[in-house]
Amino acid sequence: MKPSIRSKLEQLTGRLTELDQLLGQQDVARDMDNYRKLTREHAEIGQVVALYAEFRKAEDGLSEAQEMLVDPEMKALAEDEIPRCRGEMTRVEEALQKALLPRDPNDERNLFLEIRAGTGGDESALFAGDLFRMYTRYAERQRWQVEVISASESELGGYREVIARVLGNGAYSKLKFESGGHRVQRVPETETQGRIHTSACTVAVLPEADELAEVDINPAELRIDTFRASGAGGQHINKTDSAVRITHLPTGIVVECQDDRSQHRNKAQALAVLAARIKDKQTREQQAKIASTRKSLIGSGDRSERIRTYNFPQGRMTDHRINLTLYKLDSIMDGDLEELVSALTAEHQAELLAALSET
């Protein structure tokens, strides 16, 4: 193991001890934002320190076995133990190398999922509905919660646009590679001659900010409009100005929320989505600068980038970024995304490891 990596691991071991002391204080939970940051850091460092403890245990075992070589009675045992310890050290060192890769600070956050119909008219809206169901079923498999923030339904079903909040451990880490253009090839129900149509939707996955203060939003730069909600909801929803539209003047970002009867809750939800979108815009601008020197294999995160094709006649899904084709479209559309998510994550880690090797 390189001395620089060992030094880093010793520092993390000391930091974990410090975090144990901080989290053991009686008033630690008074500041919930700070408490969440400390527990998140503890969870991340704890895994690395546990691996380092395994490495040191194998290292000590190797040292003891080498000392036993001089004892004729223990030599046979030592000769068996030495390769085992070396193998264990190699395995753990590889795991540590991955664990020490730069972590995305947003990985453990909740997220906002935005799906918008694109080219293809009603068929695109129907596909947007299918995508939303796919992600909802995947969330159910992960035991996450899904809250619809706003939805604009099309006349034939599906959505022109749907925005949802997904709450769960590691939600963003699992779905962060879903942003981009999703294309579908299938025969629409309204097609009488059996011709295959191509349509598309855009998906955006935005990490939720811990709090609005994390994003600098000047109230003077917001235009807030209220209006009567449209769509289903009974008598009440059309009688009060409960719907809220917020425009962030510097960026032109507009957020509407009308899903709740309460104007106050709609405004709070809209502000949360606005904060996530502003943060996402800032992140993508930073990534664009980095991408000028090194382009990610998983894509630039550009919403216009076509990342995936769903071909219903052939029952296949192809992710163009990693050239992965799976012939199990029915189960994928029913939320079976784990194989795809694992492949995207593995490719991303391989790229990070390659960058680490270069430095």
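Reading the values: rules and limits
Residues numbered from 1 in each chain as written. Predicted model: local features only at pLDDT ≥ 70, side-chain atom pairs only at ≥ 80, totals over all residues. Heavy atoms only, no water. Helix = DSSP H or I, 4+ residues; strand = E, 2+ residues; numbered from the N terminus. Areas by Shrake-Rupley, 256 points an atom, 1.4 Å probe, with all protein chains shown as cover. Pairing = 2+ DSSP bridges. Axes fitted to C-alpha atoms, helices over the stretch in contact; angles between N-to-C directions. Core = buried A, V, L, I, M, F, W, Y, C linked by side-chain atoms within 4.5 Å. Buried < 20%, exposed > 50% of the residue type's maximum accessible area, 1.4 Å probe, protein only. Contact = heavy atoms within 4.5 Å. Phe/Tyr/Trp six-rings, centres within 6.5 Å; stacked < 30°, edge-to-face > 60°. Lys NZ or Arg CZ within 6 Å of the ring centre and 35° of its normal. 1 Å grid on protein atoms, 1.4 Å probe; cavity = no way out; pocket = protein on both sides within 12 Å on 5 of 7 lines; lining within 4 Å. Points joined across faces, edges and corners; volume = space filled by probe spheres on them. Nonpolar A, V, L, I, M, F, W, Y, C, P; charged D, E, K, R; others polar. Salt bridge = Lys/Arg side-chain N within 4 Å of Asp/Glu carboxyl O.

**Student:** Talk me through the overall build of the protein; I want residue IDs and the actual numbers.
**Tutor:** The helix and strand inventory of the protein stands at 9 helices and 11 strands. Of the roughly 19900 Å² of accessible surface on the protein, 48% is carried by carbon and sulfur atoms.

**Student:** Kindly report on the sheet that holds strand S6 (residues 222-227), identifying the contributing residues and their values.
**Tutor:** Spatial strand order, S6-S7-S8: 3 strands in an open sheet with antiparallel pairing. Only two strands of the sheet have a single partner each, and these edge strands are S6 and strand S8 (253-257). Pairwise comparison of adjacent strand axes, ignoring direction, gives a mean angle of 15° for this sheet. Pairing of S6 with strand S7 (residues 243-248) involves 6 bridges; the strand directions are antiparallel. Within the sheet, the bridge partner assigned to Arg223 lies in S7 and is Thr247.

**Student:** Run through the nonpolar core, naming residues and quoting values.
**Tutor:** The biggest cluster of nonpolar side chains holds 36 residues, and the ones touching the most others in it are Leu111, Leu113, Ile115, Leu131, Met134, Tyr135 and Tyr310. Every element with two or more residues in this core is listed here: strand S1 (111-117), helix H4 (121-142), strand S3 (159-167), helix H5 (171-175), strand S5 (197-207), strand S11 (324-326), helix H8 (329-333) and helix H9 (338-358). At 8 residues, the largest contribution of residues to this core is made by H4. Those residues within four positions of Leu131 in sequence are excluded, and the remaining contacts are Ile115, His182, Cys201, Val203, Tyr310 and Met333. Core analysis: the next-biggest nonpolar cluster, separate from the first, contains 22 residues, Ala204, Ile217, Cys257 and Val273 among them.

**Student:** Please set out the sheet that holds S11 residue by residue, giving values where relevant.
**Tutor:** The strands that make up a sheet pair up through hydrogen bonds in the backbone, lying either parallel or antiparallel. In spatial order, the strands read S2-S3-S1-S5-S4-S9-S10-S11; together these 8 strands make up an open sheet with mixed pairing. In this open sheet, the two strands that pair with only one neighbour each are strand S2 (145-153) and S11. Direction aside, neighbouring strands of the sheet carry axes that sit 15° apart on average. Where S1 meets S3, 6 bridges bridge the pair, whose relative direction is antiparallel. Bridge pairing in S3 links Arg116 to Glu161.

**Student:** Which residues make up the packing of aromatic side chains, and what are the values?
**Tutor:** Throughout the structure, instances matching the rule amount to 3 aromatic pairs. Seen from their ring centres, Phe127 and Tyr310 are 5.4 Å apart, and the 65° between their planes marks the pair as edge-to-face. On the criterion of sequence distance, the pair formed by Phe127 in helix H4 and Tyr310 in strand S9 (residues 306-311) is long-range, its members being 183 residues apart. Between Phe132 and Tyr159, the aromatic rings sit 5.7 Å apart at their centres with planes inclined by 85°, giving edge-to-face as the arrangement. Linking Phe132 in helix H4 with Tyr159 in strand S3, this pair joins segments that are 27 residues apart in sequence. The burial state of Phe132 is the same as that of Tyr159; both residues are buried. The aromatic ring of Phe312 is capped on one face by Arg186, whose charged end is 4.9 Å from the ring centroid. Between Arg245 and the ring centre of Phe227, over which it is positioned, the NZ or CZ distance is 4.5 Å.

**Student:** Give a detailed account of empty space enclosed by the protein, specifying residues and quantitative values.
**Tutor:** One pass over the structure, following the stated rule, counts 1 cavity of 30 Å³ or more. In this structure, the largest cavity occupies an estimated 40 Å³ of space. What lines the largest cavity is simply Leu113, Phe132, Tyr135, Thr136, Ala139, Val146, Val166 and Leu175. Broken down by class, the residue content of the lining of the largest cavity amounts to 7 nonpolar, 1 polar and no charged.

**Student:** Give me the lowdown on the pattern of salt bridges, citing residues and values where you can.
**Tutor:** Enumeration according to the criterion identifies 28 salt bridges in this entry. With a shortest N-O distance of 3.1 Å, Glu54 and Arg91 are connected by a salt bridge. In this pair, Glu54 sits in helix H2 (residues 32-68) while Arg91 sits in helix H3 (residues 75-99), placing the two residues 37 residues apart along the sequence. The exposure class assigned to Glu54 is partly exposed, which follows from its relative accessible area of 34%. Between Asp225 and Arg223 there is a salt bridge; the shortest N-O distance is 3.6 Å. You can call Asp225 partly exposed: its relative accessible area is 26%. Overall, Arg223 belongs to the partly exposed group, its relative accessible area being 42%. Linked through salt bridges whose partners overlap, the residues forming this network are Arg133, Arg137, Glu140, Arg141 and Asp334.

Taken by themselves, the reported measurements are silent on function.
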